[in-house]
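The residues making up each chain are set out below.
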Amino acid sequence: MKLWGGRFAKETDALTDHFNSSISFDQRLYKHDILGSIAHVAMLGKQNIISLEESNAIQAGLSDLLSDIEAGHVSFDEKMEDIHMNIESLLISRIGDVAKKMHTGRSRNDQVALDVRLYTLDEIKTLKEMLFTLMKAVTDIASLHTETIMPGYTHLQRAQPITFAHHLMAYFEMFKRDYKRLDFAYENTNYLPLGSGALATTTYPLNRDDVVNALHFNGICENSIDGVSDRDFVLDLLYTLSTLMMHLSRLSEEIILWSSHEFHFVDLDDAYSTGSSIMPQKKNPDIAELVRGKTGRVYGNLMGLLTTMKGLPLAYNKDMQEDKERLFDSIDTLKMCLPIFTQMLLTMNVCKENMYNAASGGFTNATDAADYLVKKGLAFRDAHEVIGKLVLHCVTNHTSLEALPLETYKSIHPIFEEDVYEAISLKTCVSGRKVKGGPSPEAVNMHLEKAKAYLNAIA
Ligand code: ARG
C-alpha cells in the first residue's frame with residue numbers, strides 16, 4: 001500500500017508505478033535525505049511537536065538505516081516511487097509506528113528541494129577540488145614554458161609569436177572564472193527550503209533557523225512558494241558546468257590539432273591515447289575528443305532543464321522530477337572529464353622545436369617588421385604597406401622575412417639597416433611584448449605569480 005494510499009480506491013497500474021517512479025536515479029540522494037530527516041526530526045523534538053523520545057527513536061532508526069544502506073544491505077522498491085517514500089517505508093518496517101511521525105510538518109516538495117540542495121553543495125565542493133587540481137597543473141606546465149616560442153593564431157592563421165606558457169595561461173583565466181562561477185552556484189544553493197511544506201508552510205511551530213544551523217545553511221528560502229518551486233540553483237550549476245566544458249572543449253580541440261602530424265606541437269602520452277583496430281600506425285587523441293563530444297550532453301542538460309522549467313506555474317509540479325537526471329549527468333560527466341583531462345595535460349610531451357619552426361615559417365614577425373619602420377620614423381600605415389610588399393615578395397619567392405638579403409629590403413625602402421634582423425627575430429618579438437598581460441617571459445612570470453597567489457588563497 002502506498003504511503004499516500006488512503007484516498008485511493010484501487011492500486012496504481014504497474015505502468016503508472018514505473019512511469020512515475022524516480023527511485024532508479026534519485027536513490028543516490030539517500031544520505032542527504034536521511035541527514036535532512038534527522039535535522040527535521042531533531043527540531044520537531046525540540047519544538048515539542050513530537051516527544052523527545054519519539055524524536056530520538058526516529059533519529060536512531062535513521063542512522064542505522066544509513067549505515068545499512070552504506071553497507072549495501074538495503075534494496076529499494078520501485079513501487080515506493082522515490083527515495084523519500086522508500087526511506088520512510090523502510091523506517092516504518094524497521095522501527096514501527098513511531099516512524100510515521102517523521103513526516104510531520106513537511107512535504108515531499110520541500111524535502112526533495114532540500115535533498116537536491118544538500119547533494120549539490122557536496123558535489124560543488126568536489127568539483128572545486130578537481131578544477132583546482134587542473135588549474136594547478138596548468139600553472140605547473142606553463143612555468144616550464146615561458147620561453148617556448150610558438151605561433152599565436154587568429155582565424156587559425158599564424159598571427160604573432162607567443163609562448164606556450166602565454167597560451168596555456170589564457171585557459172587558466174577561463175578556469176579561474178569557472179571556479180568563481182562554482183562559488184556563485186554554491187552561494188545560491190546554500191539556503192534551506194525545508195519548512196516551506198507543500199507550498200504554504202505549516203501550522204506546526206517549526207523552527208527553521210534551528211535546521212539552518214544543524215545543516216550549516218546560509219539561511220532560509222524566504223518565501224515558501226519559491227522554496228519549493230526554485231530550481232535556479234540547479235540551472236546555475238548546469239550553466240557553470242556548460243561553460244567549463246566549453247573551455248575544456250576548446251583546449252581539447254587545440255590538443256587534437258596540435259597532436260596531428262601536420263602540427264606536431266605535442267605528443268600525447270601512450271597511457272592517455274588509443275589505437276585503431278585496423279590502422280597499425282594510429283595513435284588517437286580519444287580523451288580530448290570525448291571531452292569535446294561530452295560538451296554536447298552537458299549543454300543538452302542545461303537546455304533541457306531550462307525548457308522543463310519555462311512553463312511551470314507555481315508551485316511544485318511533477319515536471320520538476322526531471323531536474324535530477326540532468327543535474328546528475330552533468331556532475332558525473334565533469335567528475336569523469338576533469339581528472340583525466342588533467343592527467344592528459346600533465347603527461348603530454350611538448351615539441352618545442354616544432355612550435356618554434358611553425359612560428360618562424362609564417363610571417364608571425366611581420367607586425368614587428370612594421371613596428372621597426374615606425375621606430376625609424378615611418379607612419380604605421382605606410383610601414384604596413386612596405387612590409388606587405390615584402391611579404392608578397394617572400395610568398396612569390398618561397399622565402400621568409402628573416403632570410404631576405406638586406407639589398408631586397410633596401411630596394412623596397414632605403415631606411416632598412418642591418419639591425420632589422422635583430423628586430424624581427426622571434427625572441428625579440430616575444431620579449432619586446434612586455435605590456436602587462438602579454439607574452440614576454442617577464443609579463444607571463446608576473447601573471448604566473450598572481451595565478452599561484454590565487455591558488456594559494458583558495459587552497
Ligand atoms: N520524486 C519527486 C521529485 O523528484 C519528489 C517530490 C514529489 N512531490 C509530489 N508532490 N509528488 O520531484
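Look above for the structure.
As a starting point, this report considers the structure included with it. Every chain begins its residue count from 1, and numbering advances along the sequence as written. Under the rules for a predicted model, residues below a pLDDT of 70 receive no local features and side-chain atom pairs below 80 are neither given nor counted, while totals for whole chains, interfaces and linings still include all residues. Here the side-chain values reflect all heavy atoms present in the structure, with hydrogen atoms and water set aside.

## Section: the overall build of the chain
Stage number 1. The number of helices and strands found in the chain is 19 helices and six strands.
Stage number 2. What the globule rule says is 2.2 Å times the number of residues to the power 0.38, and the radius of gyration is computed from C-alpha atoms. Radius of gyration (C-alpha) of the chain: 31 Å, far over the 23 Å computed for a compact globule of 459 residues.
Stage number 3. Overall size of the chain, expressed as C-alpha extent along the three principal axes, is 100 × 50 × 40 Å.
Stage number 4. Partly exposed residues are those whose accessible area sits between 20% and 50% of the maximum for their type, while under 20% is buried and over 50% is exposed, using a 1.4 Å probe and protein chains only. Considering the chain as a whole, with its 459 residues, one finds that 51% of them fall into the buried category.
Stage number 5. Long-range pairs, those at least 24 residues apart, make up 75% of the contacts in the chain with a sequence separation of at least 6.
Stage number 6. Note on areas: Shrake-Rupley with a 1.4 Å probe; residue coverage comes only from the protein chains shown. Accessible surface computed for the chain: about 22,000 Å², of which carbon and sulfur atoms make up 54%.
Stage number 7. If the 46 positive side-chain charges of the chain are averaged to one point and the 61 negative ones to another, these points end up 2 Å apart. Counting from the N terminus, the helices are DSSP H or I runs at least four residues long and the strands are E runs at least two residues long. Two residues form a contact once any of their heavy atoms are found within 4.5 Å. For the purpose of charge, His is not counted, nor are the chain termini; Lys and Arg are scored as positive and Asp and Glu as negative. Note on charges: their place is set at NZ of Lys, CZ of Arg, CG of Asp or CD of Glu.

## Concerning the site of the ligand
Stage number 1. Near the ligand the following residues occur: Ser22, Asp82, His84, Arg108, Asn109, Val112, Tyr316, Gln321 and Lys324.
Stage number 2. Between the ligand and the protein, one listed contact pairs an oxygen atom with a side-chain N or O atom of Tyr316 at 2.4 Å.
Stage number 3. A distance of 2.6 Å separates an oxygen atom of the ligand from a polar side-chain atom of Lys324.
Stage number 4. Computed on the free molecule, the ligand has an accessible area of 340 Å², of which 86% lies beneath the protein chains in the complex.
Stage number 5. No other element matches helix α6 (residues 108-143), which puts three residues into the shell around the ligand.
Stage number 6. Under this grouping Gly is polar, as are all residues other than the nonpolar Ala, Val, Leu, Ile, Met, Phe, Trp, Tyr, Cys and Pro and the charged Asp, Glu, Lys and Arg. Grouping the constituent residues of the shell around the ligand by class yields two nonpolar, four polar and three charged. Whether a residue is near a molecule or strand depends on its heavy atoms: it is near if one of them lies within 4 Å of it. Pairs of N or O atoms within 3.5 Å make up the polar contacts considered here, provided that, within protein, one atom can donate a hydrogen while the other can accept it, and that residues adjacent in sequence are counted only when both atoms are side-chain atoms.

## Describing the nonpolar core
Stage number 1. Working definition of a nonpolar core: buried Ala, Val, Leu, Ile, Met, Phe, Trp, Tyr and Cys residues. They are joined through side-chain atoms within 4.5 Å. Counting residues in each nonpolar core, the largest one holds 105 residues, and the members touching the most others are Leu248 and Ile255.
Stage number 2. At 15 residues, α6 tops the list of elements feeding residues into this core.
Stage number 3. Listed in part, the 21 residues of the second largest apolar core include Ala370, Ala383, Val386 and Val420.

## Section: the pattern of salt bridges
One side chain can pair with another of opposite charge once the charged atoms of both are near each other.
Stage number 1. A carboxyl oxygen of Asp or Glu within 4 Å of a side-chain nitrogen of Lys or Arg is what we treat as a salt bridge. All told, the structure shown has 25 salt bridges when counted by the stated rule.
Stage number 2. Where Arg28 meets Asp332, a salt bridge forms, and the shortest distance between an N and an O atom there is 2.7 Å. Taken together, the residues span a long stretch of sequence, with Arg28 in the loop between α2 (23-26) and α3 (30-46) and Asp332 in helix α12 (residues 323-347) at a distance of 304 residues.
Stage number 3. Asp270 is paired through a salt bridge with Lys283; the nearest N and O atoms lie 2.9 Å apart. Here the residue Asp270 occupies a position in the loop between β5 (266-267) and α11 (286-310), and Lys283 occupies one in the loop between β5 and α11, the gap between them amounting to 13 residues.
Stage number 4. Exposure remark for Lys283: the relative accessible area of 41% places this residue in the partly exposed category.
Stage number 5. Salt bridges here are not isolated pairs; linked through shared partners, they connect Glu81, Asp82, Arg108 and Lys318.

## Brief notes about the packing of aromatic side chains
Stage number 1. Under the pairing criterion, centres of Phe, Tyr and Trp rings, with the six-membered ring standing for Trp, must be within 6.5 Å; the plane angle then separates stacked pairs below 30 degrees from edge-to-face pairs above 60, leaving the rest tilted. Under the defined criterion, the tally for this structure stands at nine aromatic pairs.
Stage number 2. Seen in terms of ring centroids, Tyr153 and Phe263 are 6.1 Å apart; in terms of plane orientation they differ by 50°. Their pairing is tilted. Within this pair, whereas Tyr153 is found in strand β1 (residues 149-154), its partner Phe263 is found in the loop between α10 (232-258) and β5, the two being separated by 110 residues in sequence.
Stage number 3. An aromatic cluster of three or more residues is present, and its members are Tyr372, Tyr409, Phe416 and Tyr421.
Stage number 4. To sit over a ring, a charge needs its Lys NZ or Arg CZ within 6 Å of the ring centre and within 35 degrees of the ring normal. Here Arg7 stacks its cationic end above the ring of Phe8, 5.7 Å away from the centre of that ring.
Stage number 5. Its guanidinium or amino end placed over the ring of Phe233, Arg117 lies 4.2 Å from that ring's centre, counting from NZ or CZ.

## Here's the deal with empty space enclosed by the protein
In this approach, a probe sized like a water molecule rolls over the atoms, and the result shows the empty space that is left.
Stage number 1. With a 1 Å grid laid over protein atoms only, a set of points is called a cavity when a 1.4 Å probe fits there but cannot get out and a pocket when it is open yet has protein on both sides within 12 Å along at least five of seven lines; lining residues have an atom within 4 Å of a point. Grid points are joined across faces, edges and corners, and a volume is the space filled by probe spheres set on the points. For the structure on display, the rule yields one cavity of 30 Å³ or more.
Stage number 2. Here the largest cavity is characterised by a volume of approximately 30 Å³.
Stage number 3. What lines the largest cavity is simply His40, Met43, Leu192, Leu194, Gly195, Leu206, Asn207, Arg208 and Val211.
Stage number 4. Of all the secondary-structure elements, those providing two or more residues to the lining of the largest cavity are α3 and α8 (208-215).
Stage number 5. Tallied by class, residues from the lining of the largest cavity come to five nonpolar, three polar and one charged.

## Thoughts on α10
Stage number 1. Taking 1.5 Å per residue as the helical rise, α10 with its 27 residues ought to reach 39 Å, and the 39 Å between its terminal C-alpha atoms agrees with that figure.
Stage number 2. With 20 of 27 residues buried, α10 is to be regarded as a mostly interior element. A helix is expected to span 1.5 Å multiplied by its residue count minus one.

## Examining the environment of Gly296
Stage number 1. Along the polypeptide, Gly296 turns up in helix α11.
Stage number 2. Placed 50 residues apart in sequence, Gly296 and Met246 show a C-alpha to C-alpha distance of 9.1 Å.

## Focus: the pairing of strand β2 (residues 157-163)
Looking down a regular strand, the side chains alternate between one sheet face and the other.
Stage number 1. Strand pairing is assigned whenever DSSP identifies at least 2 bridges connecting the two strands. Pairing geometry for β1 and β2, over six bridges, is antiparallel. Each bridged residue has a counterpart across the sheet, and for Tyr153 the counterpart in β2 is Arg158.
Stage number 2. Joining the antiparallel neighbours β1 and β2 is a turn of two residues, in which His155 adopts a positive phi near 55°.

## Topic: the state of the cysteines
Cysteine pairs can be linked by a disulfide, which is a covalent bond between their two sulfur atoms.
Stage number 1. Note on terminology: pairs of cysteine sulfur atoms within 2.5 Å are recorded as disulfides. Tallied over the entire structure, the rule returns zero disulfides.
Stage number 2. Residue Cys394 stays outside any disulfide, its sulfur separated by 14 Å from that of Cys429, the closest cysteine.

## So, the side chain of Glu88
Stage number 1. Here Glu88 shows up in helix α5 (residues 83-95).
Stage number 2. Within the buried core, Glu88 has no salt-bridge partner, and the shortest N-O distance to an opposite charge, that of Arg106, equals 4.8 Å.
Stage number 3. Apart from the residues lying within four places of it in its own chain, the contact partners of Glu88 are Leu3, Met102 and His103.

## A word on unusual backbone geometry
Stage number 1. Look at the link from Leu314 to Ala315: it is a cis peptide, with omega at 5°.
Stage number 2. Along the polypeptide, Ala315 turns up in the loop between α11 and α12.
Stage number 3. Even without being a glycine, Leu156 presents a positive backbone phi close to 55°.
Stage number 4. Within the secondary structure, Leu156 sits in the loop between β1 and β2.
Stage number 5. You will see that Phe363, though not glycine, has its phi angle at about 60°, which is positive.
Stage number 6. Secondary-structure assignment places Phe363 in the loop between α13 (352-361) and α14 (366-375).

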